[in-house]
Structures are given as structure tokens and as C-alpha cells.
Amino acid sequence: ILSRRIPPFLLRSFRRSAAVFVLAAALPACSSDEPETSLPDMPVYAHLSLDDAQYTRLQNLGEFLEITEPRGTFTRIGVRGLLIVHSITPMDSSRPFAAYDLACPYCYTHSNRSPRPRVHAQEGGVSAVCEECGSRYDISSGFGGCVEGPGTQLQVYETYYSAASRVLLVQD
């Protein structure tokens, strides 16, 4: 009865659209722009004054700082600590600093070692290497992608820098 009232060309168009919809729903979803990580959600918060003697070296391009213990009451350092880098080639010029978790995402999932291994920055702030699996990560731009080894991508945290007050804020 319904097909008698709807013109045939519209009915064919409807059937094709329905078939496309069913196929699209059956296919797996595309991955999101956000990289997948195997690390648990842990709070991250660090407030660093680059005028403070322990942080002044971050004023220079390519310098980095590894924070493995909370510094202050409100500091939260993620899963295995923070790696903060004054990026040589930042993805966004308004954010000259990058922050990563020191946990190797591959070893966090695959290692039985306790505590789980960390990555360590290499001189010049261009790469960081996992002490266990040897994965090498690019930390020069703020992306943290794996360039060698079985790793995927380091967990990246948001950074905000005020040049006027010379304060760097890192948070998740």
C-alpha cells in the first residue's frame, strides 16, 4: 500500500539511503583525533615560576625538567612523573612549552616491573627514551610521538605560559 503512494524514484532513493545507513552503522568507528593511551587518568597540576632557581633553566630552548616527586602541596605529577620541555619546534607558537607523562605507554601495559619504567629526556630536549623497551619519543614539538621502538605516543598534558609573569602552568 505504501509503495503505491510514494513515487518509485523516491522509494529507490530511500532504500539506497537505508542500505548506506545500515552499512555505516555496521562498520567500526574511525579513531578520534585524540591518541589512545593505556595510562590511567591521574591528576596533573604544576605551577612553576621560571624565576625560581630550580626552574630557570627552562627559559632556554631545548631545556627540560623531569619531576618525579610532587613539589608543593598542590602539585600532581600524573602516572610516573612529568617531563616539561621548552620546545625547539612547538606545534603552536603560543605554547612554547610541552609537558608529557614520564610513563612509557608501551611498558605501562606490557611490563611486569614494579615500579613501571620511565622515559628519560636526552640532552638537547629532542627525544626521550624508555629505560626498558628502548622506545624513542620525539619531545621537541609537543606531540610526543614514538619514532623508534614498540611505543605509541606519550601522554601529553596542557601547558599555559605567561611571559609577563614568567609562570608556567601544567595540567590535564
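Residues numbered from 1 in each chain as written. Predicted model: local features only at pLDDT ≥ 70, side-chain atom pairs only at ≥ 80, totals over all residues. Heavy atoms only, no water.

With respect to the overall build of the protein chain
Right, on to step 1. A tally of helices and strands in the protein chain yields three helices and 11 strands.
Right, on to step 2. Listing the helices and strands of the protein chain from first to last along the sequence gives α-α-β-β-β-β-β-α-β-β-β-β-β-β.
Right, on to step 3. Looking at the 172 residues of the protein chain, the share that counts as buried comes to 36%.
Right, on to step 4. When contacts within the protein chain are restricted to residue pairs at least 6 apart in sequence, long-range pairs at least 24 apart make up 49% of them.
Right, on to step 5. Entry remark: accessible area of the protein chain is about 10500 Å², with carbon and sulfur atoms responsible for 55%. (Helix = DSSP H or I, 4+ residues; strand = E, 2+ residues; numbered from the N terminus. Buried < 20%, exposed > 50% of the residue type's maximum accessible area, 1.4 Å probe, protein only. Contact = heavy atoms within 4.5 Å. Areas by Shrake-Rupley, 256 points an atom, 1.4 Å probe, with all protein chains shown as cover.)

What about the nonpolar core?
Inside soluble globular proteins, nonpolar side chains tend to come together where they are buried.
Right, on to step 1. Ranked by size, the top nonpolar core spans 16 residues in total, and within it L48, L58, I67, L82, I84 and V170 carry the most contacts.
Right, on to step 2. Looking at this core, the elements that each hand over two or more residues are strand 1 (44–49), strand 2 (64–67), strand 4 (82–86), strand 5 (97–101) and strand 11 (167–171).
Right, on to step 3. The element contributing the most residues to this core is strand 1, with three residues.
Right, on to step 4. Sequence-distant contacts of L58, that is, excluding residues within four places in its chain, are made with L48, L50, E63, F64, L65, I84, H86 and F97.
Right, on to step 5. Judged by nonpolar contacts, the second largest core, of 15 residues, contains A98, A121, C130 and L154. (Core = buried A, V, L, I, M, F, W, Y, C linked by side-chain atoms within 4.5 Å.)

Remarks on the environment of Y106
Right, on to step 1. Relative to the helices and strands, Y106 resides in helix 3 (residues 105–110).
Right, on to step 2. Exposure remark for Y106: the relative accessible area of 29% places this residue in the partly exposed category.
Right, on to step 3. Sequence separation of Y106 and G149 is 43 residues, and the distance between their C-alpha atoms is 9.4 Å.
Right, on to step 4. With residues near it in sequence (within four places) discarded, Y106 still touches C133, Y137, P150 and G151.

Things to note about the side chain of H86
Right, on to step 1. Looking at the secondary structure, you find H86 in strand 4.
Right, on to step 2. In this view, H86 contacts L58, Q59, N60, L61, G62, E63, P96 and F97; residues no more than four positions away in its chain are not counted.

Observations concerning the pattern of salt bridges
Right, on to step 1. Scanning the model with the defined rule gives two salt bridges in all.
Right, on to step 2. With a closest N to O distance of 2.7 Å, R166 and D51 form a salt bridge. Here R166, found in the loop between strand 10 (156–162) and strand 11, pairs with D51, found in the loop between strand 1 and strand 2; they are 115 residues apart in sequence, far enough to count as distant.
Right, on to step 3. Classification of R166 as partly exposed rests on a relative accessible area of 27%.
Right, on to step 4. A salt bridge links E158 to R95; the shortest N-O distance between them is 2.4 Å. With E158 in strand 10 and R95 in the loop between strand 4 and strand 5, this residue pair connects regions lying 63 residues apart in the sequence.
Right, on to step 5. Assessed through its relative accessible area of 30%, R95 is described here as partly exposed. (Salt bridge = Lys/Arg side-chain N within 4 Å of Asp/Glu carboxyl O.)

Description of the environment of E69
Right, on to step 1. Counting through the fold element by element, E69 comes out in the loop between strand 2 and strand 3 (76–77).
Right, on to step 2. Taking the C-alpha atoms as reference, E69 lies 9.0 Å from L82; in sequence the two are 13 residues apart.

Thoughts on the sheet that holds strand 5
Right, on to step 1. An order of 2-4-5-10-11-1-3 is seen for the seven strands of this open sheet, with the pairing classed as antiparallel. One side of each edge strand has no neighbouring strand; the edge strands of this open sheet are strand 2 and strand 3.
Right, on to step 2. Bridge analysis of strand 2 against strand 4 gives four bridges, and the strand direction is antiparallel. The partner of E66 across the bridge, within strand 4, is L83. (Pairing = 2+ DSSP bridges.)

So, the state of the cysteines
Right, on to step 1. In total, this model carries zero disulfides according to the counting rule given.
Right, on to step 2. Summary of cysteine pairing: C107 is not part of a disulfide, and the nearest cysteine sulfur, belonging to C130, is at 3.6 Å.
Right, on to step 3. Residue C107 is classed as buried on the basis of its relative accessible area, which comes to 2%. (Disulfide = S-S within 2.5 Å.)

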